[in-house]
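One letter stands for each residue in the lines below.
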Amino acid sequence: MSLDPITLTVIQSGLQQVCDEMDLSFSRAAFSPVIAEANDRSDGIYSAEDGSLIAQGSMGLPVFVGVMQYSTATLISMMAEGKVAAPKPGDIYIVNDPYLGGTHLMDVRFAMPVWRDGKIFCWLSNTGHWPDTGGAVPGGFSASATAVEQEGLRLPPVRLFKGGELDQEIYSIICSNIRVADQRIGDVKAQAAALYVGEARLTRLLDRYGDDTVSAAIAELRVRAADQMRVQIGQIPVGTYRSTAYIDSDGVVNEPLEIKLAVTSDGESLTFDFDGTSPPCQGPMNSVIATTLSSVYLAMRHIFPDVPISAGAFEPLKVIRPEGTFLDARYPRPVSGCAAEVSQRIAEAVFAALIQALPGKVSASPAGSSGNFALGGEVPETGQAYVMYQISGGGYGGYAGGDGISNGCSTIGISKAPPVEIMEQQFPVLYHRYALHEGSGGAGEHRGGFGLDYEVELRAGHARASFVMDHGRFGPQGALGGKDGAKNRVLVTRGGESFVPEHLSKAQDIQLVAGDRVRVCTPGGGGFGDPSKRDPALVAEDVRLGRYTPEEAKALFG
Amino acid sequence: MLDNSEKAPQMTDSTLTGTFAGIDVGGTFTDLVYYDSRASSVKLAKVPTTLDNQSRGVLDALDAAGVDAAALDLIVHGTTTTTNAVLERQLCKTGLVTTMGFRDVLELGRRTRPHAYGMTGQFRPLIPRDLRLEVPERMLADGAVYTALDEEALRAALAELVDKGCEALVIHFLHSYANPAHEQRAGQIAREVWPNGNITMGHALISESREYERGVTAAVNASVQPLLRRYVERLADKLSERGYDRDLLVMNGNGGMVSARVVADEAAKTVMSGPASGVMAAAYTGRRAGIPDLLTYDMGGTSTDVAMIRGADPAVSHEIEVEYAMPIHVPMVDVRTVGAGGGSIARVDAAGLLQVGPDSAGSTPGPICYGKGGTLPTISDANMLLGRLNPDRLNTGAGGVSLDTIREAFATLGAKLGLGADEAAAAVLRIANAKMADAVRMVSISLGEDPRDFALFAFGGAGPLHACAIARELGVPRVLVPARPGITNALGCIVADLRHDYVATVNRPLDACDMDEVHALFTKQVADGRAAIARERVEIAEEKIAFSVEMRFIGQTHLLRVPLPSDAPTRDELQALFEEAYFKRFQVRLPEIRAALVNVATSVIGRRPEIDLAALIDAAGRKATLAEAQSGTRRVFFDGWCEVPVYWRDHLPLDAALHGPTIVEQMDCTLVLEVGDTATQDADGNLIVTVGAQT
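Computed from a prediction, not measured in an experiment: that's the story for all the values here.

What follows covers the overall build of chain B. In terms of helices and strands, chain B carries 16 helices and 35 strands. Its C-alpha atoms give chain B a radius of gyration of 26 Å, within 12% of the compact-globule value 26 Å for 695 residues. If you line up chain B on its principal axes, its C-alpha atoms span 80 × 60 × 55 Å. In chain B, the proportion of contacts linking residues at least 24 apart, taken out of those at least 6 apart, comes to 68%.

Structure representation (structure tokens):
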């Protein structure tokens, strides 16, 4: 079937619109702030044959780029093998198993077939980050878990909705195993509603252009997306580009984990080889294969933002499966850190390798941590339990066009940090400082952006502090002669005495009482280019504004 | 004339008597609508905007329309002085005094980046770090004083900022929405020592929590305040020289107008006033036409603005982001810019697909057809090549271009797609219309409404060119094309209401709210609003007060605005109204969960007397028959080339019925009726298009 190029563009926009409307609908109707405000969710359309990605919402959380095609593919093959019941119209599957094409347990996926003439035309799927899925600690980020069972409830693909109705039996099992279960129904309804919105919109598109035309367009768009990515890759000189990135520790064994990456370009495709990367670790800093692949894809999308997200765009990106490393963890390795932290180190490795080939397009390394600080305690007067999450940004890397921005969002996220005023309204804490992490920007012709420096005091009762951060051992990498950004620093002041947690950026359940304080200084971005080439006027400006002391400036920029 | 004497508003019957001028300054043109109620006559003018000093353009417009300022009863002015200052960062030197430990809030923002994908981009805080000073003071979230205000440190900080040459001052303390005492005391001290009146206190503009948003709003206000003050004073003086002795009114972003004497106090509210006045005119026109539910579609050269009007009330947002990381949290008509304008460039991407935008030729060099050096094919060029725009109007002077130049550009584009020039141009329009329809749809859905329940209100230079095609894409059944689409913003100036909005934060579970306290908040807001309107000394026909609350379910953070029937709702009424509004918006019922009351809000509106829109097109100029109104025929490309009739809008008999494909032209605007569309006019001279079936 031959397609005119205009219809092709219109169908491409139409498929994108279906996904964008699912994203919008999910966020708007979601109950929990993680989805409604932080947009920690994603929606897409997947092929009926193999689950490959047809289109994905442009407002989805970057870490989910490509992920759901693996869970959908697994679901399709498990159905074929008879391990999962086949769907009927109105059925929606739920799954959060990390080893079946997922991320961590908190990212819960729904998948629903779109039926045409009694056959599955394609799948719609979405992921939402639930605030809790059970496990040792509220929120699921246990920094010292050593097996996935400690991290929460693991669901294989089962039909949570049957014939359009919520299966109360399955739902009651879920609710019995998670915290604040009474609020979850709001998110479940929203997540399903988003799929119904997608189904209605896609049906309109199919009715208008015809199933055959749309199928042909999908196939053609896949070929063209691959071509488009190949053209972009053509800018990268043939050769191999190497990089290394480090994770401070796995939270259990206090040694750095190493990501070794060699990216080879043959002029039209890239091969990503993680040979030499550390073996699976005891603590929760393992990644599962779907997250590892997704991290590579999201890094490439940061570099080439114009290429639409689809299986075609991924075709020229060949990732050699990193078997035997912590980037391809198998059951029962704990994985809670994979989406928030490991993914960002993988992206950093991709940036650090490809900036050598594309100095005009790639930035030096960004802070690259979600900066999770969780404080769990009880309000003394009411006895009410709370869990406070402070996420924070850091400096971005300098780049050919200028300095990195300060307090930028995590590489894999798009969510805003909560205001201090809201935190103090909701939790018994007092912030003494919310300031620029002075001196943290990595020196360079274009310097890195600055991290954040905050200090918070527990005002009442007692609480437990946990940290899942990174870059405490090594700062974000400078590039092309630029210096590294400043490291992440955590300082706990307890009973008047200050200490740094043993794992620097990771700790679990540090006991605090009223009056104790936590100070966090997040990383600055890596510098880009030789610092001595920086315009002296810009160095003087940074000194005048107190971003560096005169001594620092002299030492860093000469 | 900038005195502060007060006078009660004059209540009159519902006919506006006198002579009025609405003057709107846009990016390219300054438009004027003059209305004389006694003669029911209208004068219009369109003159170039004078960017260096907008007041010259304003006077030019009066001259062009032959309007004697001394004889005017009222001038309402829409200005982009503050808009341009913000977007071009031509701001006054402004200093900040803030809570110890928090001076960097304005630089750190909320942990974001400019684009979801791409780790690059820049951000510059509104107030540089050396002009952000800290003083010891601290409130807690419940409004209790934790650290007293150190007045000596404050005086030292103020002296330093004055020394450094700051012209405006922001006082922004943590939790001032809960207890403004420290900000108020600091304001008192500042007024003693600050060399002028340009002092903005964070809580005064908007009393809501979130230190970044409140701080940026205050910083925007302060840093444009001296500019706006100088501008309106100069304009008022010039008008006064011409004998105009009444109050000058200025449009606000909330769609209301305020006296020039006080507008600069809350200068931030004028930043988005241009688009707001267009939407007010749309609401007014729609109400009179009996079409109160509208999606406005304002397509210009560089961008397209979309807004929603329900029951003749424009949707209002308290959270508009003017550009990346620049939120202004004051109530403003919710106008969304959706990208494409006439200057959007068509190209074939690396995948071999035709794309329109996001790159734009802007106004310089602009589309090829502007003849200002543009070489890349744009939406406007496609309209020109396909005869939708009148090719006779093509600038063929020195340095101009011919239709052949445009044809060549599309031939080059089409060659990559296997299409001829005409087909390529048609494809550009098809893709542009599909994309714009999607964008309008997203705006509508994000506001919780199905676009098919609305009519499209088309205005702006290019709105009526595309509106019928976009309506068809959207499944929108009707398009309303007002009598003067090109001067809608200026019309908004004359029909706008006086309006004052107030918001106060409660932020407690509904069950823990003292309802008497809530009712008292409403009472105070009403009193404040009435006093403000009284100060404006403008004739109003009717006072309208709208109460609303913002609520959420406990455990949620996103807020839903709920209109209230009265200022004394009971607890149960609030819960019930909220649940109903929540279901309507999200189609989810959550009876298990209790609600929290976050904000209470009141809008006090002084409705102005009625204006007869029928006068916008001179009845005497209308011809008796459709044939007489036809100015000619022209070859226009629809599915192929065809010869279609072209009508002159001002000549159309009121009872005329039009059938697409056809073209209706007027001074500054062209309407395209697609194949299958039909149009009639109402008593006000609006064209009401019934959109044909989707092809």
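Following the structure, the description resumes.
Here the focus is the interface of chain B and chain A. If you look at the interface, chain B gives 60 residues, while chain A gives 66 residues. Where the side of chain B that touches chain A is concerned, the elements lending two or more residues are α3 (105-108), α7 (211-241), β22 (354-360) and α11 (421-446) of chain B. If you tally residues by element for the side of chain B that touches chain A, the top one is α11 of chain B, at nine residues.

Turning next to the environment of F173 of chain B. Secondary-structure assignment places F173 of chain B in the loop between β9 (168-172) and α5 (181-193). In this view, F173 of chain B contacts T98, T99, E137, M139, H182, E183 and G202 of chain B; residues no more than four positions away in its chain are not counted.

We now examine the sheet that holds strand β6 (residues 132-135) of chain B. Residues and elements named next belong to chain B. Read from one edge of the open sheet, four strands run β6-β5-β9-β10, paired in parallel fashion. Looking at the sheet topology across the chains shown, the edges are occupied by β6 and β10 (199-201). Taken over all neighbouring pairs, the strand axes of this sheet differ in orientation by 20° on average, direction set aside.

Next up on the list: the sheet that holds strand β10 (residues 270-273) of chain A. Residue and element names in this part refer to chain A. With respect to topology, four strands assemble into an open sheet ordered β8-β9-β10-β11, the strand pairing being mixed. Each edge of the open sheet carries a strand with a single partner, namely β8 (239-247) and β11 (317-319). Put simply, the sheet's adjacent strands are angled 20° from each other on average, direction ignored. Two elements, β8 and strand β9 (residues 257-265), share nine bridges in a ladder whose sense is antiparallel. Note that in β9 the partner of A245 across the bridge is I259. Contacting β10 and β11, helix α7 (residues 289-303) crosses the sheet at an angle of about 150° to β11. Here helix α9 (residues 337-354) sits on the sheet in contact with β8 and β9, set at roughly 145° to β8.

This brings us to the confidence of the model for chain B. Residue and element names in this part refer to chain B. Taken over all residues, the pLDDT of chain B has a mean of 91, while the share at 70 or more is 96%. pLDDT under 50 marks residues 1-15. Its contacts with residues more than four places away, or in other chains, come to 27 contacts. Both scores are available for the predicted complex, with the pTM at 0.92 and the ipTM at 0.94.

About the cut-offs
- Residue numbers restart at each chain and count upward from 1, following the sequence in its written direction.
- Whichever chain is written first is A, and whichever ligand is written first is 1; the rest continue in order.
- Totals for whole chains, interfaces and linings use every residue, but because this is a predicted model, local features are given only for residues with pLDDT of at least 70 and side-chain atom pairs only at 80 or more, for both listing and counting.
- For the purposes of this entry, the term helix denotes a DSSP run of H or I that reaches at least four residues, the term strand denotes a run of E that reaches at least two, and both are numbered from the N terminus.
- Here the globule rule reads 2.2 Å times residues to the power 0.38, and the radius of gyration is calculated from C-alpha atoms.
- Any residue pair is listed as a contact if its two C-beta atoms, each placed from the backbone, are within 7 Å.
- When DSSP locates at least two bridges between a pair of strands, those strands are taken to pair.
- Every angle, taken between N-to-C directions, lies between 0 and 180 degrees, and every axis is a line fitted to C-alpha atoms, over only the stretch in contact when it is a helix.
- Each residue carries a pLDDT score, the predictor's own confidence in it, on a scale running from 0 to 100.

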